[in-house]
Amino acid sequence: MRRLVVWAATAAFALAVYLLLTLWSGSWGLWSLSELVVGAVLASIVGVACGGVLWERGGWRMLMPHRWLLLVLYIIPLFWAMARANVDVAWRVITGNIRPGIVRFDPGLKTELARTILANSITLTPGTLTVDVSDHSGAFYVHWINVTDDNPTPEDVCGAFPAWARRIAE
Amino acid sequence: MIAELPFTVAAVVLAGFMFVSVLRLAIGPTAADRAVALDTVNTLVVTTMVLLGAGLGQVVLVDVAIVYALLSFVSTLYIARYLEGGWG
Amino acid sequence: MNALLYALLAVGALFNGLGAVALLRFPDVYTRIHGATKCTTFGSIFSIGAVVLYGFLQGDGAGGTLAVHALIALVFLLLTNPTGSHALARGAYRGGIKPAQAVVDHMEKGKR
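Residues numbered from 1 in each chain as written. Chains lettered and ligands numbered in written order. Predicted model: local features only at pLDDT ≥ 70, side-chain atom pairs only at ≥ 80, totals over all residues. Heavy atoms only, no water.

1. Points about the interface of chain C and chain A
Inclusion rule: The contact rule is simple, with two residues in contact once any of their heavy atoms fall within 4.5 Å. By buried area we mean how much accessible surface two parts lose on assembly, using a 1.4 Å probe and totalling the loss over both. By definition here, a salt bridge exists when the distance from a side-chain nitrogen of Lys or Arg to a carboxyl oxygen of Asp or Glu is within 4 Å. Pairs of N or O atoms within 3.5 Å make up the polar contacts considered here, provided that, within protein, one atom can donate a hydrogen while the other can accept it, and that residues adjacent in sequence are counted only when both atoms are side-chain atoms. Each helix is a run of H or I in the DSSP string that is no shorter than four residues. Each strand is a run of E no shorter than two, and both are numbered from the N terminus.
With 45 residues of chain C in contact, the opposing surface of chain A contributes 41 residues. Buried area between chain C and chain A, both sides added, is near 3700 Å², and the carbon and sulfur share of it is 72%. Contact with chain A buries surface across chain C, with His34(C), Lys38(C) and His106(C) losing the most and accounting together for 18% of the total. At the junction of chain C with chain A, the criterion picks out two salt bridges. A salt bridge links Asp132(A) to Arg94(C); its shortest N-O distance comes to 3.0 Å. Inspection of the region where chain C meets chain A yields eleven residue pairs in polar contact (both at pLDDT 80 or more). Elements supplying a minimum of two residues to the side of chain C that touches chain A: helix 1 (2-25), helix 2 (29-58) and helix 3 (61-94) of chain C. By residue number, the principal contributor to the side of chain C that touches chain A is helix 3 of chain C, which donates 15 residues.

So, in structure tokens, the structure goes:
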């Protein structure tokens, strides 16, 4: 039963990407019949081959629609942080004013997906770059371009992002 | 009707930035520097291909850009594993 | 509408150029990854965003195909770029490159 749901979810996702890529291919509709058949076959194969690898144990929670809504809303604070990050980097490129270091902090996230979201967000936001994530303790090692505190809390380094990652994926 | 020319011009400008990155690829003191420069060039190539797809009116170029993005990601992961030392 | 497209293209080119300059100007691998990844990702959002807008403004099937495919390329770029740079930073650190001018380095003493 579990394997069937895993297969169906992975295949549905693969089919969605395929259908987006072949949009407007049909002469009478959005998709031609051959594209639909080929897409279904390919999506089934992808579901069999990758379902077990991509699907984390206990990953059911991502099937809840409100998490997807949060993931879309998350774009707004992320984009704002990216804009600030780029102005910040531009300023440092021009003035050469840096004080780098690698700091350790523990945001206390448990699932792989939450850690992935937080690590990628950290890389894109002001002055920080994820260097390593400890698998069993969940500690983040972050290269910080302007160290203001030798033993920072997660809020010092990346603001509200750990809370967002927890809301989306835990 | 909107002109296609600005997209081609932007693509040419990005190609110029690609040369700047290739400079770091040539002089970078360590292998990691070269790998970072290569990663930057890959991103610029993807963006340039999408811009050229709009500028020349060829959607195929955008498809090529998608495949290039995925392949360059895999090659970056392999280079990173090589930099780590050891293939384990 | 044309002015908006030109503005998007100009901002995208500006940030992409900033990434290339950061690559030349920063002193060590980690700071170069900072500049290169952030600026090229952010610049690509604007450049490809201009293409998406252009495709939707065409209004027909060909323009729509262009817009959707460009959007998919943008999503792949946004997902793979930070992951790849994280892999490079980790590989560089484990390969023995120390951050230059570092004031603090928590990875040095007992970890893992």
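This is not the end of the story, as more comes after the structure.
2. Overview of a nonpolar patch on the surface
All names here are of chain A. Going by this rule: Two joining distances apply to patches: 9 Å for like charges and 5 Å for nonpolar side chains (Val, Leu, Ile, Met, Phe, Trp, Tyr), and every residue must have over 30% relative accessible area and no salt bridge. For accessible areas, the Shrake-Rupley method is used with a probe of radius 1.4 Å. Any residue's cover is judged against the shown protein chains and nothing else. Residue exposure (1.4 Å probe, protein chains only): buried if accessible area is under 20% of the type maximum, exposed if over 50%, otherwise partly exposed.
Together, Leu33, Leu36, Val37, Val38, Val41, Leu42 and Ile45 make up an exposed nonpolar region whose accessible area comes to about 600 Å². Secondary-structure assignment places valine 38 in helix 2 (residues 33-54). Relative accessible area serves as the criterion here: at 39%, valine 38 is assigned to the partly exposed category.

3. What to know about the domain arrangement of chain A
Our working definition: For the domains described, the bounds stem from an automatic or database domain assignment.
The domains assigned to chain A are domain 1 (2-55) and domain 2 (68-169). A C-alpha centroid distance of 34 Å is found between domain 1 of chain A and domain 2 of chain A.

4. Description of helix 7 (residues 161-169) of chain A
Residue and element names in this part refer to chain A. Counted only if it meets this: An arc is given here, and it is the one of the directions from the helix axis to the C-beta atoms.
Inspection of helix 7 places Phe161, Pro162, Trp164, Ala165, Ile168 and Ala169 among the buried residues, and these make up the whole buried set. Projection of helix 7 onto a plane perpendicular to its axis shows the buried side chains occupying an angular sector of 160°, all on one side. Elements that come into contact with the buried residues of helix 7 comprise helix 3 (65-73), helix 4 (75-95), helix 5 (112-124) and helix 6 (154-158).

5. A few points about the pairing of strand 2 (residues 128-133) of chain A
All names here are of chain A. How we decide: DSSP bridges decide pairing: two strands pair if at least two such bridges lie between them.
Within strand 2, six of the six residues are buried, which leaves the element mostly enclosed by the surrounding structure. Across five bridges, strand 2 lies against strand 3 (residues 140-144) in antiparallel orientation. Along strand 3, the bridge assignment pairs threonine 128 with tryptophan 144.

6. Details of the sheet that holds strand 1 (residues 101-105) of chain A
Definition in use: Lines fitted to C-alpha atoms define the axes, with helix axes restricted to the stretch in contact, and inter-axis angles between N-to-C directions lie between 0 and 180 degrees.
With antiparallel pairing, the three strands of this open sheet are ordered in space as 1-3-2 (chain A). Both edges of this open sheet fall to strand 1 and strand 2 of chain A, since each of them pairs with a single strand only. Neighbour to neighbour, the strand axes of the sheet diverge by 30° on average, direction disregarded. Two elements, strand 1 of chain A and strand 3 of chain A, share five bridges in a ladder whose sense is antiparallel. Bridging across to strand 3 of chain A, Ile102(A) finds its partner in His143(A). Running at roughly 115° to strand 2 of chain A, helix 2 of chain C makes contact with strand 2 and strand 3 of chain A of the sheet. Of the strands in this sheet, strand 1 and strand 2 of chain A are in contact with helix 3 of chain C, which crosses strand 2 of chain A at around 65°.

7. Remarks on the interface of chain B and chain C
Test applied: Here the nonpolar group is Ala, Val, Leu, Ile, Met, Phe, Trp, Tyr, Cys and Pro; Asp, Glu, Lys and Arg are the charged ones; every other residue, Gly included, is treated as polar.
Across the contact, 43 residues belong to chain B and 47 residues belong to chain C. Applying the counting criterion to the chain B and chain C interface returns three salt bridges. Note that Glu84(B) and Arg90(C) form a salt bridge whose closest N and O atoms lie 3.8 Å from each other. Summed over the shared surface of chain B and chain C, the result is seven residue pairs in polar contact (both at pLDDT 80 or more). Elements that contribute at least two residues to the side of chain B that touches chain C include exactly helix 1 (5-27), helix 2 (31-56) and helix 3 (59-84) of chain B. With 15 residues, the single largest contributor to the side of chain B that touches chain C is helix 2 of chain B. Looking at the side of chain B that touches chain C residue by residue, the classes come out as 30 nonpolar, seven polar and six charged.

8. Some details on the side chain of Asp39(B)
The condition is simple: His is not counted here, nor are the chain ends, while Lys and Arg score as positive and Asp and Glu score as negative.
Positionally, Asp39(B) belongs in helix 2. Summary of buried charges: Asp39(B) has no salt-bridge partner, and the nearest side chain of opposite charge, Lys38(C), is 12 Å away. Once residues lying within four places of it in the same chain are set aside, the contact partners of Asp39(B) are Thr76(B), Asn81(C), Ser85(C) and Leu88(C).

9. Side note on the packing of aromatic side chains
Condition: Any pair of Phe, Tyr and Trp rings, taking the six-membered ring for Trp, is counted once the centres come within 6.5 Å. Such a pair is stacked with planes under 30 degrees apart, edge-to-face with planes over 60 apart, and tilted for the rest.
Counting across every chain of the model gives nine aromatic pairs over all chains. Ring plane angle 40° and centroid distance 5.6 Å describe the contact between Tyr74(A) and Trp164(A), whose orientation is recorded as tilted. With Tyr74(A) in the loop between helix 3 and helix 4 and Trp164(A) in helix 7, the pair connects residues that are 90 residues apart, well separated along the chain. Overall, Trp164(A) belongs to the buried group, its relative accessible area being 16%. When the centroid spacing of 5.2 Å and the interplanar angle of 85° are considered together, the rings of Phe42(C) and Phe46(C) count as edge-to-face. Here Phe46(C) and Phe42(C) lie together in helix 2, a separation of four residues that amounts to about one turn. Judged on exposure class, the residue Phe42(C) and its partner Phe46(C) are both buried. Each residue in the set Phe79(A), Phe15(C), Phe42(C) and Phe46(C) is aromatic and connected to the rest through ring pairs, giving one cluster.

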